[in-house]
Amino acid sequence: MVVNLDWENIGFHYHKLPFRYISRWKDGKWDEGELSGDNQLSISESSPALHYGQQCFEGLKAYRTKKGNVQLFRVDENAKRLNNSAKRLLMPEVPVEKFIDACKQVVRANEEYVPPYESKATLYLRPLLIGIGDIIGVQPAQEYLFTVFATPVGNYFKGGLAPTNFVASFDYDRAAPFGTGATKVGGNYAASLLPGKYAKDNHFSDVIYLDPQTHTKIEEVGAANFFGITKNGEFITPKSPSILPSITKYSLLYLAEHRLGLKATEGDVFIDELDKFSEAGACGTGAIISPIGAIQLKDKKHVFYSEDEVGPITKKLYDELVGIQFGDVAAPEGWIFEV
Ligand SMILES: *Cc1c(COP(=O)(O)O)cnc(C)c1O
């Protein structure tokens, strides 16, 4: 049973759903965890998550298939990545099985809010790990809270896969060369709000972050990873220790090679060599695949395939990825988790 909502216009907003999962860590161990009907967290005003940004999060989606089943895409990879982020900020890891079970519990408890297959909308899950408790000095928390909540989100591309334009950021970085760029922590996002606002105020979708050391290579596309298709049909995505390792990106590397027969590599993407690309896009759970029409580089605009039309290889990658996520295309082994 699916509730009656305007699924076509659901957008990307927070909807308070009936249930979320909450578990607490204290004295070296996690409690059992439980579903809660209360969407308000009550935590100490001195929680390190609030003052010193000791927190990390994840984002993934539940998809309803044509048959009406619900499935998760590579949730084990989200669990592992959360734990990498946790290690970097001296937080306790969440066992992979606990993480997967929490996600499944939340989907099942809110099953009627998993959008219908036809809408191409999904149930977005937000796992969150925060340091809490009475601490005022700069030190790791002694207590932690792990929660997973969900909200239905719309199909990103109402009018089809439409390219959008981005602006390269020379004045601001989202992460430092040996900082926390490779971890999914709130601090990176706090740092991205100002350049993101600048981009949106100037009618760009978002900023493109360059490598923080030399500002000569592409790193991230806002909160998504970058990929380009070269004129000789190679799939390339940047490699750097300050990029967030996108699960979508690694999935596309695999699909480009094994399903589309392209050469697929991680390597440098120099901003003065963009001419070698015939197509480019942004990828991530939120962005899915968003074609990049053009990038503004100071006073120069670089157009890839077209500012209005999606390129053929980007379209093929999109169809393959989304087909797998909704259960219409056979998935590589281990990518799909039935709820
Ligand atoms: C989450 C995130 C991505 C996308 O990762 P996926 O696993 O594909 O959703 C890309 N860049 C940043 C900065 C992110 O936080």
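Residues numbered from 1 in each chain as written. Predicted model: local features only at pLDDT ≥ 70, side-chain atom pairs only at ≥ 80, totals over all residues. Heavy atoms only, no water.

Draft legend 1. A look at the packing of aromatic side chains. Applying the stated criterion across every chain, the model contains 14 aromatic pairs. An angle of 90° between the planes, with centres 5.7 Å apart, marks the rings of Phe-73 and Trp-335 as edge-to-face. Residue Phe-73 is located in strand E6 (residues 70–73), and its partner Trp-335 is located in the loop between helix H6 (312–325) and strand E18 (336–338); the two are separated by 262 residues in the primary sequence. Take Phe-73 and Trp-335: they sit in the same class, and that class is buried. Following the ring pairs from residue to residue traces out a cluster consisting of Tyr-21, Trp-30, Phe-99 and Phe-146. Note that Lys-120 overlies the ring of Tyr-117, its terminal NZ or CZ placed 3.6 Å from the centroid. (Phe/Tyr/Trp six-rings, centres within 6.5 Å; stacked < 30°, edge-to-face > 60°. Helix = DSSP H or I, 4+ residues; strand = E, 2+ residues; numbered from the N terminus. Buried < 20%, exposed > 50% of the residue type's maximum accessible area, 1.4 Å probe, protein only. Lys NZ or Arg CZ within 6 Å of the ring centre and 35° of its normal.)

Draft legend 2. Looking closely at the domain arrangement of the protein. Here the domain parsing of the protein yields domain 1 (7–153) and domain 2 (164–325). A C-alpha centroid distance of 26 Å is found between domain 1 and domain 2. At the junction of the two partners, domain 1 supplies 19 residues and domain 2 supplies 20 residues. Between domain 1 and domain 2, the buried area comes to about 1,600 Å², and carbon and sulfur atoms account for 62% of it. (Domains from an automatic or database assignment. Contact = heavy atoms within 4.5 Å. Buried area = accessible area lost by both parts, 1.4 Å probe.)

Draft legend 3. Molecular detail of the side chain of Ser-242. Relative to the helices and strands, Ser-242 is located in the loop between strand E13 (234–238) and helix H5 (247–258). A polar contact of 2.8 Å, which involves the side chain of Ser-242, links it to the side chain of Glu-219. Apart from the residues within four sequence positions on either side, Ser-242 is in contact with Arg-174, Ala-175, Ala-176, Pro-177, Gly-181, Ala-182, Pro-212 and Glu-219. (Polar contact = N/O pair within 3.5 Å; in protein donor to acceptor, adjacent residues only side chain to side chain.)

Draft legend 4. Up close: the site of the ligand. If you check the shell around the ligand, you find 14 residues, and the closest are Lys-184, Tyr-189, Ser-246, Thr-248 and Thr-285. Between an oxygen atom of the ligand and a side-chain N or O atom of Lys-184, the distance comes to 2.7 Å. Note that a nitrogen atom of the ligand is positioned 3.5 Å from one of the backbone N or O atoms of Ala-223. Summarising the interface, the protein chains cover 96% of the accessible area of the ligand, which totals 380 Å² for the free molecule. Secondary-structure elements contributing two or more residues to the shell around the ligand are strand E12 (224–230) and H5. In terms of residue class, the shell around the ligand is made up of 5 nonpolar, 5 polar and 4 charged. (Near = heavy atom within 4 Å. Areas by Shrake-Rupley, 256 points an atom, 1.4 Å probe, with all protein chains shown as cover. Nonpolar A, V, L, I, M, F, W, Y, C, P; charged D, E, K, R; others polar.)

Draft legend 5. Structural detail: the environment of Asp-201. Here Asp-201 lies in helix H4 (residues 186–201). According to the relative accessible area criterion, Asp-201 is partly exposed, its value standing at 47%.

Draft legend 6. Fine view of the environment of Gly-293. One can find Gly-293 in strand E16 (residues 288–297). Distance in space between the C-alpha atoms of Gly-293 and Ala-331 is 29 Å, their sequence separation being 38 residues. If sequence neighbours within four positions are ignored, Gly-293 has contacts with Pro-163, Thr-164, Asn-165, His-302, Val-303, Phe-304, Ser-306 and Glu-307.

Draft legend 7. Examining the packing of helix H2 (residues 75–88) against helix H3 (residues 96–109) more closely. Running from N to C, H2 and H3 cross one another at 125°; their axes reach a closest spacing of 9 Å. Relative to H3, H2 is oriented oblique. Of the two possible hands of crossing, H2 and H3 adopt the one that is right-handed. Within the contact between the two elements, H2 uses Val-75, Asp-76, Asn-78, Ala-79, Lys-80, Leu-82 and Asn-83 and H3 uses Val-96, Phe-99, Ile-100 and Cys-103. Here the residues of the contact of H2 with H3 sort into 7 nonpolar, 2 polar and 2 charged. (Axes fitted to C-alpha atoms, helices over the stretch in contact; angles between N-to-C directions. Parallel < 35°, antiparallel > 145°, perpendicular 65-115°, else oblique. Left-handed = near helix turned anticlockwise from the far one by under 90°.)

Draft legend 8. The packing of H5 against H6, seen in detail. At a closest axis distance of 10 Å, the pairing of H5 and H6 adopts a crossing angle of 115°. The pairing of H5 with H6 is recorded here as roughly perpendicular in orientation. Judged by the twist between their axes, the crossing of H5 over H6 is right-handed. Taking contact as the criterion, the partners of Thr-248, Ser-251, Leu-252, Leu-255 and Ala-256 in H5 are, on H6, Leu-317, Glu-320, Leu-321 and Ile-324. When grouped by side-chain class, the residues that make up the contact of H5 with H6 number 6 nonpolar, 2 polar and 1 charged.

Draft legend 9. Seen up close, the pairing of strand E8 (residues 143–153). Burial analysis of E8 places 9 of its 11 residues in the buried class, which makes it a mostly covered element. Here strand E1 (residues 20–26) pairs with E8 via 6 bridges, running antiparallel. Each bridged residue has a counterpart across the sheet, and for Ile-22 the counterpart in E8 is Thr-147. Examined bridge by bridge, strand E7 (residues 122–132) and E8 share 11 bridges and lie antiparallel to one another. Bridging from a neighbouring strand, Ile-130 pairs with Leu-145 of E8. (Pairing = 2+ DSSP bridges.)

Draft legend 10. Quick peek at the UniProt feature "modified residue: N6-(pyridoxal phosphate)lysine" (unreviewed entry) in the protein. Following the UniProt record, the feature "modified residue: N6-(pyridoxal phosphate)lysine" (unreviewed entry) maps to Lys-184 here. Judged by relative accessible area, which is 12%, Lys-184 ranks as buried. What Lys-184 contacts, discounting residues up to four positions off in sequence, is Cys-56, Phe-57, Glu-58, Gly-59, Arg-81, Ser-85, Tyr-189 and Leu-244. (UniProt positions renumbered as here; feature names shortened; annotations may be inferred.)

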